Structures are given as structure tokens and as C-alpha cells.
Amino acid sequence: MTITTRLFLKLSTLVLAAAAHASTGPVPASKTESVTDPASENTVERAFQQVVSAPSQPPALEQNSPVSIALIYPNADISDFWDRNFVAMKSRLDELNIDYNITEFSSAQLEHSLQDRHTDEVLKRADEFDFVILGPTELQVQASNIQRLSAEQQFSTFIWAFHTPDEEWSHKPAAWFDFSSSQGAQAMCDFLLQELGPDLYFGMNRGIPGVTDQQRSQEFKDCVESEGHWINLYEHFGQYQKAGGADGAALILKNFPEIYVLHNANTAMTMGAIEEADRRDAHHDLYITGWGGTRREIQKIREGKLDATPMRMSDDVGVATAEAVRYYLQGRQDEVPEIYLGRITVVNNHMTGDEIDRLMKEAFRYSGLKELQR
């Protein structure tokens, strides 16, 4: 039985949203949608982004039983990306008056084998779920699990935090929800070249070899080298860990004093690099960049200890996932883009407090401005 069939059997009354959509007209975009250009000019993607960035429009649905969702994700990480999108997804589902149950399968970023076991568990219980959301520990490491989940007909599979389908895969997920690391790398390159100029020495705290680091680190490196004639003197693979970021910063400050810019590929390494710069009183010697614009990064920008970061409109991924669930319940899965990319902009140490506040209010509109209790 397909997911569409199963979901329609769960609905005793369904008012087709296509008619409602036609009668109410298009949903206005949020005031901050101009933070970045849409990732694609595709009509489906643009229309879906308008829905995500606008206030919720609760559908007229009656359910005989809750929608069942399995969430497999590495939220035991210093970055609050995962937990914030979990909160945003739940909050948007609540606003949409969709009854649901979520079963969480948590891991740390490097616990690849634990995600294997979680995938096995979900597949054994396939008939219990309508949707499975997988946030891979790393795309290629989890490629087999993505295909195994995608091949299952009992549920639909969504992927968080990646957006790079492999054309050679036999089975592909229904949709990907992410922010474009490539777009972030280009935004950071453009900003830094304008801010700092050409002909600088830089170092890098890279993550784990793979798609994410290729986009966040290598594409950034290629851009500043080709467009700004920057010279890379040192690269450190910090494994996306706080200690790895601190180690990389320590090696750079000790052995490469001519390096001025330190690129970090995620929040955890950024925090490690900042702590090492604190310990050595080296913030005047090193221009530190982050990744993602998490609450912790924004606080460090306010403190003058982080200089710039590509900030995601963080809750977009969770909101988009909730809207995708709604569309599937309404039989409108063709209106869900295969790849959804949230909005992103560069936050920097020259912005006023009011400018940062405005961006934070939009980015964390569901998960809130306070640090999450985890």
C-alpha cells in the first residue's frame, strides 16, 4: 500500500486545498524574504517558499488517527540546528491543526553506526510510520540507509540538512530540506572580499571529507583564491567537533602567524576556535568566521569575538517539512519541491543590534530567541 493510499484512508473528510487556495489567492511573502534570492526560479519552489515564509494557513482536515513520523537525526551536537527545526516543525504542525506523533532516534554527529541501527529499527517498524525524516551524519556514509528508507513503500522519506541527490542511486527520497552550503560559501566569499580585500593569507577548520565540507570549505577556498588571490597556508580537519576547532586554531596561531582569516565549517568548530583565541588573547590577530548563524554564533558576534557567519533563517527547514506533511495529506505532493532550500544571509560585526535582532526574530520565529533546553 502506498503512502498516498494510507494517508487518504486516515482522513475521513478532506477539503481539497486546491480549491481553497484558488479562492483565497496567493499567500504574501514575509517581509524578510528578500534576505536572499530564491535558490531556484522554479515555480513550484517559489510558491512553496512563499508558503513557508508566510504565516500558517490551517487547512480544513479531519483525521481518524495521528500522522506518525520517525525522526532520525544527530541532534546530540553542539549546533542547535537540529533541535530548532524539530521545534519549528512541531509548532507549525500544531498551527496547521494536524494531529501527529513523532518518534525520535538521536545520535551524535560522528555516530554513523548508531544511525545504521536506527535505520534498521525504523524499517522493522515500517508499518507504524507515515513519514521518516533522516538527518544523515554524513551523506555518503548514510547513502545506503537513505536508499533503504526511500525504497520502503509504507512511508515517505524526507532528508534534512542535505540537498544533493545521487543520480546513480536506485531509490531516492521524496524530498530534501536544507540550506545551500554552496550559496553560503559564495555569500561569505563575496562579503569577505568586499570587507577585507584581496591578497590575504587564510586558514581553515574543515569538517569531515564529504559533500558538506566540499561545499562549505572547498568552494569557499576556490572562490577567495580565484577572485581575491587569497593564499591558503593551512587546513585542519576538525571533524565538526569543538575540540577539533580549538586544535586547528592553536596550530594556526602557533605556526602560521601570518594567517589573518580562519574559516570554520560549523558551529562546534567555531566555538572551539573562539575559545582558543580567547585563551591566547588573539582576537586582534585573527578574523574568525563561523557557519550557520546559530544562536551561539550570533551571541559571539555581539561580544566581538566572531566576525562573520552565513546565517540561516533557521526555522525554515522545520516549517517547510511541516508544510510538506500538510501537502501530502491533501494529495498535493506534486506541489512540494524535490529540493527545498531555506533563506540565508551573512551576519557580521558591523551590523547594528537592531539589524541583528530583526534577522534573529525571523530566523527563530518558532524555536525562540532563548537557548534551547536540551
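Residues numbered from 1 in each chain as written. Predicted model: local features only at pLDDT ≥ 70, side-chain atom pairs only at ≥ 80, totals over all residues. Heavy atoms only, no water.

Scanning the protein chain from N- to C-terminus turns up 13 helices and 14 strands. Each of the 374 residues in the protein chain was classed as buried or not, and the buried ones make up 56%. Taking the intrachain contacts of the protein chain between residues at least 6 apart in sequence as the baseline, contacts between residues at least 24 apart amount to 78%. (Helix = DSSP H or I, 4+ residues; strand = E, 2+ residues; numbered from the N terminus. Buried < 20%, exposed > 50% of the residue type's maximum accessible area, 1.4 Å probe, protein only. Contact = heavy atoms within 4.5 Å.)

Our next topic: the environment of Arg279. Along the chain, Arg279 falls in helix α10 (residues 267–280). With a relative accessible area of 61%, Arg279 lands in the exposed category. A C-alpha to C-alpha distance of 9.7 Å links Arg279 and Ala250, two positions 29 residues apart in sequence. There is a polar contact of 2.8 Å between the side chain of Arg279 and the side chain of Glu276. (Polar contact = N/O pair within 3.5 Å; in protein donor to acceptor, adjacent residues only side chain to side chain.)

Taken as a whole, this structure holds 16 aromatic pairs when the rule is applied. Note on Phe81 and Phe179: the rings are 6.2 Å apart at their centroids and 75 degrees apart in plane angle, and the pair reads as edge-to-face. With Phe81 in helix α4 (residues 81–95) and Phe179 in the loop between β7 (175–178) and α7 (181–196), the pair connects residues that are 98 residues apart, well separated along the chain. Per residue, the accessibility class of Phe81 equals that of Phe179, and both read buried. Ring geometry for Phe131 versus Phe158: centroids 5.4 Å apart, planes at 35 degrees, classification tilted. Placement of the pair is Phe131 in strand β5 (residues 131–134) and Phe158 in strand β6 (residues 156–160), with a sequence separation of 27 residues. Overall, the relative accessible area of 1% leaves Phe131 in the buried class. (Phe/Tyr/Trp six-rings, centres within 6.5 Å; stacked < 30°, edge-to-face > 60°.)

Formed by 55 residues in total, the largest nonpolar core has its most connected members in Phe48, Val122, Phe158, Trp160 and Phe177. Element by element, the count of residues in this core is highest for helix α12 (residues 316–329), at nine residues. Residues within four places of Phe48 in sequence aside, it is in contact with Phe177, Ala320, Glu323, Ala324, Tyr327, Glu335, Val336, Pro337 and Tyr340. Listed in part, the 23 residues of the second largest apolar core include Ile259, Met313, Met360 and Phe364. (Core = buried A, V, L, I, M, F, W, Y, C linked by side-chain atoms within 4.5 Å.)

Turning our attention to the side chain of Thr321. Considering the arrangement of structural elements, one finds Thr321 in helix α12. With a relative accessible area of 0%, Thr321 lands in the buried category. In terms of polar contacts, Thr321 uses its side chain to reach the side chain of Trp160, at 2.8 Å. Non-local contacts of Thr321, meaning those with residues more than four positions away in its chain, are made with Met89, Ile133, Phe158, Trp160 and Phe177.

Here the focus is the sheet that holds strand β13 (residues 339–341). Judged by pairing direction, the sheet is parallel, and its six strands sit side by side in the order β4-β3-β5-β6-β7-β13 without closing on themselves. A strand with exactly one partner marks an edge of an open sheet, and here the two such strands are β4 (100–106) and β13. Across the sheet, the axes of successive neighbouring strands diverge by a mean angle of 20 degrees, strand direction being ignored. Where β6 lies against β7, three bridges are found, and the strand directions are parallel. Each residue of the ladder has a partner; that of Ile159, found in β7, is Trp176. Helix α3 (residues 43–53) contacts β7 and β13 of the sheet and is inclined by roughly 50 degrees relative to β13. Packing of α12 onto the sheet brings it into contact with β3 (67–73), β5, β6, β7 and β13, and relative to β6 it is tilted by some 165 degrees. (Pairing = 2+ DSSP bridges. Axes fitted to C-alpha atoms, helices over the stretch in contact; angles between N-to-C directions.)

Bringing α10 into the picture now. When the terminal C-alpha atoms of α10 are compared, their 20 Å separation across 14 residues agrees well with the 20 Å that a helix rising 1.5 Å per residue should span. Buried within α10 are the following residues: Thr267, Ala268, Met269, Thr270, Met271, Gly272, Ala273, Ile274, Glu276 and Ala277. The elements touched by buried residues of α10 are β8 (201–206), α9 (242–255), β10 (261–264), β11 (287–288) and α11 (295–302). (Expected span 1.5 Å × (residues − 1).)

This part is about helix α6 (residues 143–151). Buried residues of α6: Ala143, Asn145, Ile146, Gln147, Leu149 and Ser150, and no others. Elements in contact with the buried residues of α6: β3, α5 (112–124), β5 and β6.

Moving on: the confidence of the model for the protein chain. Mean pLDDT over the protein chain works out to 88, with 88% of the residues at or above the 70 mark. Below pLDDT 50 for its whole length, residues 1–41 participates in 77 contacts with residues either more than four positions away or in separate chains. (pLDDT = per-residue confidence, 0-100.)

Another point: the packing of α4 against α12. Remark: α4 packs on α12, axes separated minimally by 7 Å, with the N-to-C direction vectors making an angle of 40 degrees. Taken together, α4 and α12 sit at an angle that is classed as oblique. Relative to α12, α4 is oriented so that their crossing is right-handed. Across the interface between the two elements, Asn85, Ala88, Met89, Arg92 and Leu93 from α4 touch Asp316, Val317, Gly318, Val319, Thr321, Ala322, Glu323 and Val325 from α12. (Parallel < 35°, antiparallel > 145°, perpendicular 65-115°, else oblique. Left-handed = near helix turned anticlockwise from the far one by under 90°.)

What follows covers the sheet that holds β11. Whether parallel or antiparallel, the strands of a sheet pair through hydrogen bonds between backbone atoms. Sheet architecture is open: four strands sit in the order β9-β8-β10-β11, paired in parallel fashion. The open sheet has two edge strands, β9 (231–237) and β11, and neither has a second partner. The pairing of β8 with β9 spans six bridges and is parallel. Paired with Arg206 across the two strands is Phe237, which belongs to β9. Its contacts with the sheet put helix α8 (residues 211–228) on β8, β9 and β10, and the angle it makes with β8 is roughly 170 degrees.

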